[in-house]
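# A closer look at the structure
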Amino acid sequence: MNRYFLYLVLLNMIVNVIIFVPKILIDYRYEGAVMGVIIAIPIGVALNYVYCMAINKFPSQGMPEILATSKHRLFKIIHFYSIQLIWFAAGLITLVGFIDILARFVNPEMPKLALLVIYLAAIFLIIQMPTQRVMYFLEIVLFLNIPLIGFIIFQALTNKFLSWDSMLEVGTHIFASPSLKSIAAATYCFSGYANLIIFNRVIKGKLKIWNFITILFLGIFNLFTTFFIPIGFHGSDGAQQYLYPWISTADSLRLTYSPIERVIFLFLMFYMSITLISISVHWHVSFELIKATFKGKFSKKKNWIVIATYTVCSVAAVIYLNTVLLNKITVYWLVFHLGFEILVVAVFFIWARRQTV
Amino acid sequence: MPTNKVQTIKEGILNKIHKPEDLVFKENQTKEKYMEVLYIKSISDEAILHDNLLKPFFETSSSEEFLNFLQSNPKVSEFESEQKAIDELMRGVAILFYQDDVFLFDCKMDRNNAVMDTTVETTIQGPQAGFSESLPVNLGLIRSRYPNTTLAVESTEVGKLSKTKVMILHDTKFADPVTLNRVKKFLDTVDIEMFQTGEQLFDSIRKSNRALFPLMLVTERPDRVAVNLASGKVILLVQGSSYAVILPTVMKDLMSSMEDIYQAYWIAKFLQILRYTAFNVSMILPGLYVAVSSYNPELFRVQLAMSIAGSRTGIPYPSFVEVVLMLFMMELLTEASIRLPKAIGPTATTVGGLILGQAAAEAGLVSNIMIVIVSFVAISNFVVPINAFSFTIRVLKYFILLFSTLFGLVGVVIGFFMLLAYMVKLDSFGEPFLTLIQSKPSKE
């Protein structure tokens, strides 16, 4: 049971709260979100399985090394460039979304660019580390934070104000026809495996079937908490009025005997580090792919140019994207991501088949 | 009478050493034998010379017998080259010119060979002896705790001017040969003129020659050295220093003390948890105070938030100025108490306790909670057992304070994780700094 692979998937599952997945699912709760979630689970696990079976044939090699033997240079370049852009966009959406959350809940008087500065400083330190160290850092962050999230979910589930009736009420809309947006949003929870593009370099040994059963159960639990717990707290109608349903849910939890009474702060402190590592993982993949597209040695100057590009894009994104626009863009981006992912997995699977036949 | 060869060597040596005041060049003559002795009297033990060389010289009757005596004496070695003879002369070895041979007689004076008590790394129970300042004595202390044939001892020289002898010890069964090679290569590339003690290597380990974290451990306890040898580390003993260097060092070693094996298991676990908590508290608390009192007072429950904010009423400047002021005073106090003459010692306690604490609070310059926090931070700083690492923590808390002043709560969390990311990036001779398991030599 290779735990590094599970960390990657788990990271994506946890960070989906920031990327508007609960908001999208709750928006469509009467119009097919429940069926969408139910469909998304097999799709997600199947994508996981297909991709991992394909990459099992190339142990300890990232995609640049795997595709090094291919002769279609144009195809390789298009493939890499598109994946770089999508991964950069994934990190960027998480970053802008979280800075918006911080500006709204934690530091309302601080300009967003100031929050961006500290996040970029930390991220640029992390993405330039070797891949193995990024993985170690991910493990440490998850170890420090998983007990806290477990505790918060436990508090949420055992809270006397959690209304199971509302959850069942939304559950009765199970046979509404599924909407594409909710399928895309729910599938994003399973997308952590795609980081294997680069992180396969640090995974030793083959991925066994136990991993996928674990992912299945974790995914079901995660989607359930992401979708239904806000509904349980705010009611099946009331859940729609919040911009960030899960954060408002955390705000409604109280730890009466602790020095920190409002759980929202614990929740946000926990998410500060999770978001940091999630953005770093996505941008590390993108950074490594950029390094791989250059044939020669990656000099310090090119390093700085890439970092400068990342900075400019994030500054522009923070300035021009406000919450509503970000929300809309994320919805369409998630749908696009679903299609792109299916395409990438299919292409890789067919290519791997042909290589080793 | 001396032969020509011996004569030329003698002239050569005498020319090169410029006849210092403490150089002794004596001719000893009996009926059958003639010997000349050359040594520097401030570093040679004249008692050894007299008992082991001059007495037998005057008591043996034939020159053949004395030659046999010289050749079979363990302190006597053959002449190899002029340069080597001069180097040895400079360390306290006497040069003998006898018949047509030149011999080197080891009569080094070993002054600082008293075994001292541990001063810096004390434990409640367990051995209390520390190293001495003499290399052979230290080696003997280690060997008496580690009597295995697998203990390999090699010697090298570091320092262009000081030419300090350094001994490298490791256990061939447990130590990783890759790490050992790295250590040896590192010692060869060290560029220091005067090498007094192992602590000077802290900077040379990093390529940029500027280090913040200690990547090697310096200890004065032979029992710690013996335990570390058994777990596969490489030890360096330096002539003239009572501190041994343990390489490679990872964070787990920097937070461990010998108490962990001298106490019962759960007590040791409790002490370790205490240490890690103290490490975190000492780094984060000042930053957290600034973030909570100036950026997000609503973090804590109402009663606590009121008392934190309330204790700050009447303080005329922002919280970060107050924190920096108090921390600065605490740093001054800590530094000064290292160097206080014994007569003025109690004054420091009075100054620190009464004036900085009580009076400053009553004058309205710092809040009461700030005093509690600063004393917390100062005390928990010294819970970390390794001195070098506790200095590092003293510096690190200013980074987190800076981030927290500029960015608030986000600064504290992200600053802490940036430090963690930097520690993940570090490695000590190939071992990642935050590793939990020492690398073993690969099974052949």
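As the structure is a prediction and not an experimental result, all values here were calculated from the model.

The next subject is the overall build of chain B. Within chain B, the regular secondary structure consists of 17 helices and twelve strands. Over its C-alpha atoms chain B spans a radius of gyration of 29 Å, topping by over 25% the 22 Å that the globule rule assigns to 444 residues. Counting only residues that meet the buried cut, chain B has 32% of its 444 residues in that class. Taking all contacts inside chain B whose residues are at least 6 apart in sequence as the whole, residues at least 24 apart take part in 65%.

It is common to give the size of an interface as the accessible area lost on bringing the parts into contact. Facing 23 residues of chain A, the contacting portion of chain B comprises 22 residues. For the side of chain A that touches chain B, the secondary-structure elements that each account for two or more residues are α6 (112-127), α7 (131-157) and α13 (263-293) of chain A. Partitioning the side of chain A that touches chain B into residue classes produces 19 nonpolar, two polar and two charged.

This paragraph deals with helix α1 (residues 3-15) of chain A. Residue and element names in this part refer to chain A. Here α1 is 13 residues long and its end C-alpha atoms lie 18 Å apart, about the 18 Å a rise of 1.5 Å per residue gives. Along α1, the positions that sit buried rather than exposed are F5, Y7, V9, L11, N12, M13, I14 and V15. Of the surrounding secondary structure, the elements contacted by the buried residues of α1 are α5 (73-105), α7, α11 (209-234) and α13.

Residue and element names in this part refer to chain B. Mapped onto the fold, L236 is located in strand β9 (residues 234-238). With 23 C-beta atoms packed within 10 Å, L236 lands in the buried category. The residues touching L236, leaving out its near neighbours within four places in the chain, are V166, I168, G198, A244, V245 and L247.

Along its sequence, chain B is organised into domain 1 (4-106), domain 2 (135-248) and domain 3 (264-428). A separation of 33 Å is found between the C-alpha centroids of domain 1 of chain B and domain 2 of chain B.

On to the nonpolar core, then. By size, the foremost hydrophobic cluster in this structure holds 180 residues, and its most contacted members are L25, Y119, A122 and F267 of chain A together with I235, V410 and I414 of chain B. Residue contributions to this core reach at least three from each of two domains, namely domain 2 (135-248) and domain 3 (264-428) of chain B. For L25 of chain A, the contacting residues outside a window of four places in its chain are A33, V37, S182, A185, A186, T226 and F227 of chain A. Among the nonpolar cores identified, the runner-up in size contains 20 residues, and A85, F97, Y98 and C107 of chain B belong to it.

Glancing now at the packing of α6 of chain A against helix α17 (residues 409-425) of chain B. Running from amino to carboxyl end, α6 of chain A crosses α17 of chain B at an angle of 10°, the nearest separation of the two axes being 10 Å. Considering the angle they form, α6 of chain A stands roughly parallel to α17 of chain B. Facing L115, I118, Y119, A122, L125 and I126 of chain A of α6 of chain A, the residues of α17 of chain B in contact are V410, G411, I414, F417, M418, A421 and Y422 of chain B. Partitioned by chemical class, the residues of the contact of α6 of chain A with α17 of chain B number twelve nonpolar, one polar and no charged.

Next up on the list: the environment of I118 of chain A. Mapped onto the elements of the fold, I118 of chain A is located in helix α6. The contacts of I118 of chain A, once residues within four sequence positions are left out, are F403, F407, V410, G411 and I414 of chain B.

This next bit is on α11 of chain A. Residue and element names in this part refer to chain A. Taking 1.5 Å as the rise per residue, α11 with 26 residues should run 38 Å; its terminal C-alpha atoms sit 38 Å apart, in good agreement. Maximum bend of α11: about 35°, positioned at F228, with proline P230 one to four residues after it. G235, located one to two residues past α11, shows a positive phi value of around 90°.

This brings us to the sheet that holds strand β4 (residues 93-98) of chain B. Residues and elements named next belong to chain B. Read from one edge to the other, the open sheet built from five strands follows the order β1-β2-β4-β5-β3, with strand pairing classed as antiparallel. Where the open sheet ends on each side, the last strands, each with one partner, are β1 (23-29) and β3 (76-78). Shown here is a sheet whose adjacent strand axes are inclined to one another by a mean of 25°, direction ignored. Pairing of strand β2 (residues 34-40) with β4 involves four bridges; the strand directions are antiparallel.

With that settled, consider the environment of V93 of chain B. All names here are of chain B. Among the secondary structure elements, V93 is positioned in strand β4. Sequence-wise, V93 and L332 are 239 residues apart; in three dimensions their C-alpha atoms are separated by 47 Å. Among all residues touching V93, those that are not within four sequence positions of it are E88, L104, F105, D106 and K108.

Time to look at the packing of helix α3 (residues 33-55) of chain A against α11 of chain A. Residue and element names in this part refer to chain A. Closest axis-to-axis distance for the α3/α11 pair is 10 Å, and the angle between their directions is 155°. By the angle class used here, α3 and α11 are roughly antiparallel. Regarding α3 and α11, the two cross each other, and that crossing is right-handed. When α3 is examined against α11, the residues A33, V37, I41, G44, V45, N48 and Y49 are found in contact with a partner set consisting of F212, I215, L216, G219, I220, L223 and F227.

In summary, the side chains of a regular strand alternate between the two faces of the sheet. Residue and element names in this part refer to chain B. Pairing of β3 with strand β5 (residues 101-106) involves three bridges; the strand directions are antiparallel. Following the sheet pairing, V76 is matched in β5 by F105. With six bridges joining them, β4 and β5 adopt antiparallel strand pairing. The residue of β5 that forms the bridge with F97 is V102. Turn length for the β4-β5 hairpin, with the two strands adjacent in sequence and antiparallel, is two residues, and the turn residue Q99 shows positive phi of about 50°.

Looking now at the sheet that holds β9 of chain B. Residues and elements named next belong to chain B. The antiparallel open sheet is built from five strands, whose spatial order is β6-β7-β9-β10-β8. Each edge of the sheet is formed by a strand with only one pairing partner; in this case those strands are β6 (151-158) and β8 (217-219). Across this sheet, the average inter-strand angle for adjacent strands is 25°, counted without regard to direction. Pairing of strand β7 (residues 164-171) with β9 involves four bridges; the strand directions are antiparallel. Bridge pairing links V166 to V238 in β9. Those strands touched by helix α5 (residues 135-145) are β6, β7 and β9, and its axis lies near 10° from that of β7.

Analysis parameters
Residues numbered from 1 in each chain as written. Chains lettered and ligands numbered in written order. Predicted model: local features only at pLDDT ≥ 70, side-chain atom pairs only at ≥ 80, totals over all residues. Helix = DSSP H or I, 4+ residues; strand = E, 2+ residues; numbered from the N terminus. Rg over C-alpha atoms; globule rule 2.2 N^0.38 Å. Buried ≥ 20, exposed ≤ 12 C-beta atoms within 10 Å, placed from the backbone. Contact = placed C-beta atoms within 7 Å. Nonpolar A, V, L, I, M, F, W, Y, C, P; charged D, E, K, R; others polar. Expected span 1.5 Å × (residues − 1). Domains from an automatic or database assignment. Core = buried A, V, L, I, M, F, W, Y, C linked by C-beta atoms within 7 Å. Axes fitted to C-alpha atoms, helices over the stretch in contact; angles between N-to-C directions. Parallel < 35°, antiparallel > 145°, perpendicular 65-115°, else oblique. Bend = angle between axes of the 7 residues up to and from the residue. Pairing = 2+ DSSP bridges. Left-handed = near helix turned anticlockwise from the far one by under 90°.

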